[in-house]
Amino acid sequence: MRRIALLALGGIVLLACAGPSGAPVGLDFAAPSDLAARDLALPLSDGAARDLAVPADLALACPGGCQDPLAPVCDPQTAQCVACVTDAHCRNDGGLKACCDHACVEVASDVANCGKCGKACPGGAACCGGACTDIAIDPKHCGACGQVCKGVANAAVACVQSACKVTGCVAPFSDCNMDPADGCEANLNSDVGHCTGCGKICTIPNGEGGCANGCFAKSCYAGFADCNKQLFDGCEVQTTKDPLNCGVCGKLCQPPANASAGCFGGACTVGGCVMGFGDCNNSGADGCEITLADAVAHCGKCGNACSFANANSTCANGQCVLGACKAGFKNCNANAADGCESESAKDPLHCGACATKCPAVANGAGGCANSVCGVGVCNMNFGDCDGSGANGCEANLLGDAKNCGMCGNVCPNNLANCSGGVCANVYTFVGVQKAVPVANLAGWTECHKETFAANGSAIAAVLVKCNKANLLIACRTANSATLAVAAHAPRADVTFVNAGNTPHDANGVGWYFSTARSWGFAKGGDPLSLNNCDTSATNPDLRMCWHTSASNITAGYRCGPTTVSGATYERLIYHAD
């Protein structure tokens, strides 16, 4: 039995027809135009859905929305999320969802409801796009839904154990690098690195390999050739040196004279000489043209020319032999290595004959001229002016007026003296001199003489006697005809009063003078060591020193290197204008 019911909604009375359970049925009232209508699906006891238009301002909202797939629908009466009843309740987000057992399910990927409610995928299968599939072998869903196995070059691709793999190559290709990304990359018919099989490299000795359904010699390196046309040994012939294939395959070299055939640089030449012969001109045309046993220019081997200093030479049995010495030379040391080493016409050790040694000569060294011994060389300032080796270098060129400065230079009457190799009225020299003959002192006059033992000669009185412009002071052994050491300079330089150990330089001599200490000289530039007299050991034979005290010359002290205190030595002063 149906009943009529009055419903009050927002002050508006609605007339409805009620069913046996008392619920209104068959009524659908539109909400007022100024109210937003909502479609409310309410679960009823009979399982039927009813549409009730409820003004929006009367509906209760669910806090946070209904996100739980087991309760996706909002009940406006209770503001509670409740289970779905139809698929429409599950599609408010645009996804492929269905209401399965009052829960919203993504049937595109749910293995228990794949494509529709209740359709379960068998064990191990995945649901991809609403269809069950085995992702271990499905090339469109390999390992995961939507992961497609793409095709690669020259190959078939399949899904194997959830991974895309090359399962076969298109002949004649092969996957030699085992990388599915580039497929079957190797052409076994043309790839020299994988010729007829992976890893089979076309390696050709002395050449470049090629692949055309098998390896072949594509080209030979320069100087090589494939003369037997066999692949296994490649370019087996070196045509630059093979006398059977010289330059090109099949060119045979013929053996030249006294030699075997050879090939060099692709041209026929001498390979090897018969023993005792040599190819010394490096020409294959005449073979080994030299007999090495007796060829002076190629004795024993090419280029070994026999040569001895100042002598002839021969070649015997491949060995160089010293021949006869050239004129004027002798082999005095019996050593063939340096040939005839002695020029006997000039050699003072072998003058005219081996072991004939020229004797020494006065003031010089013996020499040999035209195989006769004589004067070889004179000491400095001496000359062999008479040409006689018997008396050696007899002339003193510094003081000989007949050979002044050089042999034959006679001093004229107006300059009759030879002094230091120069014709003059006064004998002069530079620096300290040793062993000066008194006879050479032309122009000089002795003005003072006494022994080193003398004590108390007044310096002023001595200088009064020795009053000329130039002074020469010297020392010697008593009464000798030769001055042991001598030096001269202008009077003012000889008597220049110096201080300390600093000499006064004049005419190549270092002078010092003091009436209270000492008077003497040393070689110019040499140091002094004045402790009263000079005691320096530098060039001692070119030094002289006299003691002075209280303006007197006193006993002592040195004549050259000799320290003197007695009368065995004399001190002398000469003067000249």
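Given the structure is predicted, the values throughout are model-derived calculations rather than measurements.

### Describing the overall build of the protein
Right, so step 1: Scanning the protein for helices and strands turns up two helices and 45 strands.
Right, so step 2: With 577 residues in all, the protein has 33% of them scored as buried.
Right, so step 3: Put simply, of all contacts in the protein between residues at least 6 apart along the chain, 28% involve residues at least 24 apart.

### A short note on the nonpolar core
Right, so step 1: Of all hydrophobic cores here, the largest spans 28 residues; its most connected members are Ile473, Trp511, Trp519, Phe521, Trp546 and Ile573.
Right, so step 2: Secondary structure elements with two or more residues in this core: helix 1 (459-465), strand 35 (470-477), strand 36 (482-490), strand 38 (509-513), strand 39 (518-523), strand 42 (544-549), strand 43 (552-559) and strand 45 (569-576).
Right, so step 3: Ignoring sequence-local partners within four residues, the contact set of tryptophan 511 consists of Ile473, Ala487, His488, Ala489, Asp493, Val494, Pro503, His504, Ala506, Gly520 and Phe521.
Right, so step 4: With twelve residues, the next largest nonpolar core counts Tyr427, Leu441, Ala474 and Tyr574 among its residues.

### Let's talk about the state of the cysteines
Put plainly, two cysteines are in a disulfide when a covalent bond ties their sulfur atoms together.
Right, so step 1: If you walk through the whole model with that rule in mind, you get 31 disulfides.
Right, so step 2: Here cysteine 246 engages in a disulfide with cysteine 263; their sulfurs sit 2.1 Å apart. In this structure the cystine formed by cysteine 246 and cysteine 263 twists about its S-S bond by roughly 85°; its chirality is therefore right-handed. Taken as a pair, cysteine 246 in the loop between strand 19 (237-238) and strand 20 (259-264) and cysteine 263 in strand 20 lie far apart in primary sequence, 17 residues in all.
Right, so step 3: With a relative accessible area of 1%, cysteine 246 lands in the buried category.
Right, so step 4: In this model, cysteine 475 is linked to cysteine 559 through a disulfide, with the two sulfur atoms separated by 2.0 Å. Across the S-S bond of cysteine 475 and cysteine 559 the torsion is about 90°, and the bridge reads as right-handed. Residue cysteine 475 is found in strand 35, and its partner cysteine 559 is found in strand 43; the two are separated by 84 residues along the sequence.

### Here's the deal with the sheet that holds strand 33 (residues 445-451)
Right, so step 1: Across the sheet, which stays open at both edges, the five strands sit in the order 32-36-35-45-33 with antiparallel pairing between neighbours. Only two strands of the sheet have a single partner each, and these edge strands are strand 32 (433-437) and strand 33. The sheet shows a mean angle of 30° between the axes of neighbouring strands, direction not considered.
Right, so step 2: In terms of strand pairing, strand 35 meets strand 36 through six bridges, oriented antiparallel. Bridge pairing links leucine 472 to histidine 488 in strand 36.

### As for the environment of alanine 112
Right, so step 1: Counting through the fold element by element, alanine 112 comes out in the loop between strand 9 (103-106) and strand 10 (126-128).
Right, so step 2: Expressed as a C-alpha distance, the spacing of alanine 112 and cysteine 127, which sit 15 residues apart in the sequence, is 8.7 Å.
Right, so step 3: In contact with alanine 112, other than residues within four places in its own chain, are Gly118, Lys119 and Ala120.

### Points about the packing of aromatic side chains
Right, so step 1: According to the stated counting rule, one finds four aromatic pairs in the structure shown.
Right, so step 2: Ring centres 5.0 Å apart and planes at 80° place the aromatic pair phenylalanine 513 and tryptophan 519 in the edge-to-face group.
Right, so step 3: Accessibility expressed as a relative area gives 0% for tryptophan 519, which makes it buried.
Right, so step 4: Considering the side-chain rings of tryptophan 519 and tryptophan 546, the 5.5 Å spacing of their centres and the 80° angle between planes classify their relative orientation as edge-to-face. Pair noted here: tryptophan 519 is in strand 39 and tryptophan 546 is in strand 42, with a separation of 27 residues, a long-range link. A single burial state applies to tryptophan 519 and to tryptophan 546, both of which are buried.
Right, so step 5: Lying across the ring of phenylalanine 452, arginine 571 places its NZ or CZ 5.4 Å from the centre.

### Regarding the pairing of strand 42
In regular strands, side chains alternate between the two faces of the sheet.
Right, so step 1: Pairing of strand 39 with strand 42 involves four bridges; the strand directions are antiparallel. Among the inter-strand pairings, glycine 520 is bridged to a residue of strand 42, identified as cysteine 545.
Right, so step 2: Of the strand pairs in this sheet, strand 42 and strand 43 are connected by five bridges, and their pairing is antiparallel. From the neighbouring strand, tryptophan 546 faces strand 43, where its bridge partner is tyrosine 557.
Right, so step 3: Linking strand 42 to strand 43, which pair antiparallel, is a turn of two residues; within it alanine 550 sits at a positive phi near 50°.

### Details of the confidence of the model for the protein
Right, so step 1: Looking at the protein, pLDDT values average 85 and 88% of them are 70 or higher.
Right, so step 2: Low pLDDT, under 50, characterises residues 1-59; the stretch is placed with 76 contacts to residues that sit more than four places away or in other chains.

### Focus on unusual backbone geometry
Right, so step 1: Alanine 171 connects to proline 172 through a cis peptide bond whose omega is 5°.
Right, so step 2: Residue position: proline 172 is located in the loop between strand 13 (163-169) and strand 14 (173-174).
Right, so step 3: Across the junction of glycine 556 and tyrosine 557, the peptide omega takes the value 25°, indicating a cis bond.
Right, so step 4: Note that tyrosine 557 resides in strand 43.
Right, so step 5: The phi torsion at histidine 102 lies on the positive side, around 60°, for a residue other than glycine.
Right, so step 6: Even without a glycine there, the phi angle at asparagine 507 is positive, about 55°.

### Some details on the pairing of strand 17 (residues 215-220)
Right, so step 1: Note: strand 16 (residues 207-211) against strand 17, five bridges, orientation antiparallel. Its bridge partner lying in strand 17, glycine 207 is registered against cysteine 220.
Right, so step 2: What sits between the antiparallel neighbours strand 16 and strand 17 is a turn of three residues, in which asparagine 213 has the positive phi angle 60°.

Scoring rules and cut-offs
- Residues numbered from 1 in each chain as written.
- Predicted model: local features only at pLDDT ≥ 70, side-chain atom pairs only at ≥ 80, totals over all residues.
- Heavy atoms only, no water.
- Helix = DSSP H or I, 4+ residues; strand = E, 2+ residues; numbered from the N terminus.
- Buried < 20%, exposed > 50% of the residue type's maximum accessible area, 1.4 Å probe, protein only.
- Contact = heavy atoms within 4.5 Å.
- Core = buried A, V, L, I, M, F, W, Y, C linked by side-chain atoms within 4.5 Å.
- Disulfide = S-S within 2.5 Å.
- Pairing = 2+ DSSP bridges.
- Axes fitted to C-alpha atoms, helices over the stretch in contact; angles between N-to-C directions.
- Phe/Tyr/Trp six-rings, centres within 6.5 Å; stacked < 30°, edge-to-face > 60°.
- Lys NZ or Arg CZ within 6 Å of the ring centre and 35° of its normal.
- pLDDT = per-residue confidence, 0-100.

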